[in-house]
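As a plain string of letters, each chain reads:
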There are 2 protein chains.
Amino acid sequence: MKIGILGGGQLARMMALAGIPLGMEFIFLEPAAEACAAGLGEHLHGDYNDPTLLAELVKRADVVTYEFENVPAATAEFLTSHTLVFPPAEALAVAQDRWIEKNFLNHLAIPTPAYAAVNSLAELTQVMPSFGYPAILKSRTQGYDGKGQSVLHTEHDLANAWQILKGVPAIVEAFIPFEREVSIIAARNRSHEIVFYPLSENHHRKGILRTAQCLPNDSLQAQAEELVSRLLNALDYVGVLALEFFVVNNQLMANEFAPRVHNSGHWSIEGAQISQFENHLRAITDLPLGSTAPVGFSAMINFIGALPDIKQVLTIPNAHLHSYNKKPRKGRKIAHACLRTFTADALQDGIEKLRALADITDKS
Amino acid sequence: MKIGILGGGQLARMMALAGIPLGMEFIFLEPAAEACAAGLGEHLHGDYNDPTLLAELVKRADVVTYEFENVPAATAEFLTSHTLVFPPAEALAVAQDRWIEKNFLNHLAIPTPAYAAVNSLAELTQVMPSFGYPAILKSRTQGYDGKGQSVLHTEHDLANAWQILKGVPAIVEAFIPFEREVSIIAARNRSHEIVFYPLSENHHRKGILRTAQCLPNDSLQAQAEELVSRLLNALDYVGVLALEFFVVNNQLMANEFAPRVHNSGHWSIEGAQISQFENHLRAITDLPLGSTAPVGFSAMINFIGALPDIKQVLTIPNAHLHSYNKKPRKGRKIAHACLRTFTADALQDGIEKLRALADITDKS
């Protein structure tokens, strides 16, 4: 079984590491010459819309998936009409555009913050009174890790925020004074079987995820499972999907979803019976899904910008290093560590130590 | 950090899968064209004593290790005099010859079955009265998975058994009516730190390991740790080592040791905090060793000859498949499955189901 992946970054790398023990082989289509997944399979080096490479991918792979949602529509169309592609193209199309995404969520009665599409500074100025301040202005497409986002504190911020977006179609969203941020990772396979991971509590700084902690038995688990099921079934989804929420008054309000394996589920490599990466591959290859039961207490800490001293990481009891073999660069996700402990206290102790190490090299 | 490995089979493959998340890269020297580790690093294709390839390995790798002990002495010598090689050449030399190995163990007061070296049928006939029947005749070198071994039931078996060995130097050993077979996996790093895994109880059939089960809190754990420590320190060992025992009258009697990661420790991939593969790599690269604490209840079942239906394997709760991507062949280790369960009952249930699947395809 050969799996084609659009993208050759760390998510593709971790999919391959999960799939190789199942006997799978991998082929990556990735524009970057130094793709960190490249050593784990074949690297088709070129653009996502290169017709020769796409034809090669279709010919060689039994099924195609992707590690990020910003795949050109024409690419998804070509692949879908020539081979098996999971998740389905509709999930990509919805997730690529924040306005379409929020419309879709609301159509399914999945609550979201108030929002409006804005195509000009005039439109933005016009809608703001109904939102109040603060509010968030985001590009409708291509945003990730907080890129293309501005907080609007007063009406004096509007012109500058609009200029930063360089006139691309945007969305303005009500600012949510959330109690916490959580996400649910779920997998749906080709037989429509669904499994849910325990909720993850996520801590961001400057728009980048820093820490994600597995929350077994959270009181919002059932609510999250019900909401993500609606989304999976409406999209006739196949694969792993992550749905991110704000928690307000102990209720879930959807922020966005990612039609792929997700950074907030990396703890599942050690912290769940079967990881999100293996379950994504099982889902798209028509295999039964594996147990998502938590194993011990677990959390994930991102290393941003550069790798800390490996010896210091590995000295922390029950820390598991996952390096992506990427060159250091400010704000770049270089590696993460998973903690899997036997007590809640040991987990908190490990999180503090790993955060301290992460803070040394993180200049973002 | 680039790791050179002599051998490119499943042990090398699993070392690479454990080392890649640590940011390590791999280069394999392996005579077989279809090396199952080859997709995880560079494959130097040729003999273990090819001087050009050995020079290439020395040039490219920061440290060299091996996945099997039958490395030609000249190869080990060349590597040792040109680069860092772990485990040390002496451990190889001792483990390669059953007679030297048993002398070494007895010198350290590690009890073994009675044994004698025999170089001819006449010598064999002469020593047999002091052993009695049954006894085991084994080639001194090159034996694995029960190859090169004959059981001697009566004096009439001697001539035939000797002929099967084709005149190679041999060893005769007293037959041990053991209660069970266990092994201990231990790791010693370059700073002489030592960690021990829980004992594994091993079940063989026709000389091939079929099932290994992790035994947390076994009453013989302390005795095993004491014995393997003597061996590790005497060899100034660096890396993972497996010491196999017969249990007789609830006492340990050493059978043999393997200076490498070992089939009876494969359960540690899911069943221990840090696997034998990762701890071997940490040991040889001067990193701190990781916790060997058991995670749940675990066992490993080998798939011999051919792979069972993957869907059936993955339907068994908490089963983890490890395929080696090797072509089916009678008696060949093709894959294994690890079970990691939350109760002892679930483990026994899973072992029975996996053994039933393994028996379908195993024609050995």
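Keep in mind that what you see is a predicted model, and the values were worked out from it rather than measured. (Residues numbered from 1 in each chain as written. Chains lettered and ligands numbered in written order. Predicted model: local features only at pLDDT ≥ 70, side-chain atom pairs only at ≥ 80, totals over all residues.)

## Examining the overall build of chain A
Secondary structure assignment for chain A yields 12 helices and 17 strands. Reported as C-alpha extents along the three principal axes, the dimensions of chain A are approximately 55 × 50 × 40 Å. Out of the 364 residues belonging to chain A, those deemed buried represent 51%. For chain A, long-range pairs separated by at least 24 residues make up 62% of all intrachain contacts whose partners lie at least 6 apart in sequence. (Helix = DSSP H or I, 4+ residues; strand = E, 2+ residues; numbered from the N terminus. Buried ≥ 20, exposed ≤ 12 C-beta atoms within 10 Å, placed from the backbone. Contact = placed C-beta atoms within 7 Å.)

## Here we look at the interface of chain B and chain A
Counting residues at the interface gives 25 residues for chain B and 25 residues for chain A. Ranked by residues supplied to the side of chain B that touches chain A, first place goes to helix α11 (residues 310-315) of chain B with four residues. Taken together, the residues of the side of chain B that touches chain A break down into 12 nonpolar, 10 polar and three charged. (Nonpolar A, V, L, I, M, F, W, Y, C, P; charged D, E, K, R; others polar.)

## Concerning the relation of the copies chain B and chain A
Least-squares fitting of chain B to chain A yields an RMSD of 0.0 Å, with the transformation described by 0.0 Å of translation along the axis and a rotation of 180°. Here the copies are linked by what is in effect a two-fold axis. Relative to the rotation axis, the closest C-alpha in chain B is found at Leu40(B), a distance of 2.8 Å. Counting the interface residues of chain B, we find that 100% of their copies in chain A are interface residues as well, pointing to one common contact surface. (Least-squares fit on C-alpha atoms with pLDDT ≥ 70 in both.)

## A look at the sheet that holds strand β7 (residues 149-152) of chain B
Hydrogen bonding along the main chain pairs the strands of a sheet, whether they run parallel or antiparallel. Residue and element names in this part refer to chain B. Pairing is antiparallel in the open sheet, where four strands are placed in the order β5-β8-β6-β7. Across the chains shown, the open sheet's two edge strands, defined by having one partner strand only, are β5 (115-118) and β7. This sheet shows a mean twist of 25° between the axes of neighbouring strands, independent of strand direction. Taken together, the five bridges between strand β6 (residues 135-139) and strand β8 (residues 170-174) define a ladder with antiparallel strand orientation. Pairing of Leu137 across the sheet is with Val172, part of β8. (Pairing = 2+ DSSP bridges. Axes fitted to C-alpha atoms, helices over the stretch in contact; angles between N-to-C directions.)

## Side note on the domain arrangement of chain A
Taken domain by domain, chain A holds domain 1 (2-85), domain 2 (114-174) and domain 3 (180-361). Its C-alpha centre places domain 2 of chain A at a distance of 29 Å from the equivalent point of domain 3 of chain A. (Domains from an automatic or database assignment.)

## Comments concerning helix α8 (residues 221-234) of chain B
Spanning 14 residues, α8(B) covers 20 Å between terminal C-alpha atoms, matching the ideal 20 Å at 1.5 Å per step. If you follow the buried residues of α8(B), they end up packed against β9 (180-188), β10 (194-196), β11 (199-205), β13 (239-248) and β14 (251-258) of chain B. (Expected span 1.5 Å × (residues − 1).)

## Examining the pairing of strand β16 (residues 319-323) of chain A
Residues and elements named next belong to chain A. In terms of burial, β16 is largely enclosed, as five of its five residues are buried. Here β16 shows two buried faces, one formed by Ala319, Leu321 and Ser323 and the other by His320 and His322. Across five bridges, β16 lies against strand β17 (residues 333-341) in antiparallel orientation. Looking at the pairing, Leu321 lines up with Ala337 of β17.

## Some points on unusual backbone geometry
Residue Pro134(A) follows Tyr133(A) across a cis peptide bond; omega there is -5°. With respect to the element layout, Pro134(A) can be found in the loop between α6 (121-131) and β6 (135-139). With an omega dihedral of -5°, the bond running from Phe86(B) to Pro87(B) counts as a cis peptide bond. Positionally, Pro87(B) belongs in the loop between α3 (73-82) and α4 (89-96). Positive phi is not limited to glycine here, since Asn325(B) has a value of about 55°. Its location among the elements puts Asn325(B) in the loop between β16 (319-323) and β17 (333-341). The class for Asn325(B) is buried, based on 21 C-beta atoms found within 10 Å.

## A few points about the sheet that holds strand β7 (residues 149-152) of chain A
Residues and elements named next belong to chain A. The four strands lie next to each other as β5-β8-β6-β7, forming an open sheet whose pairing is antiparallel. Since the sheet does not close on itself, it has two edges, and those belong to β5 (115-118) and β7, each with one partner. On average, each strand axis in the sheet is inclined to that of its neighbour by 25°, with strand direction left out of account.

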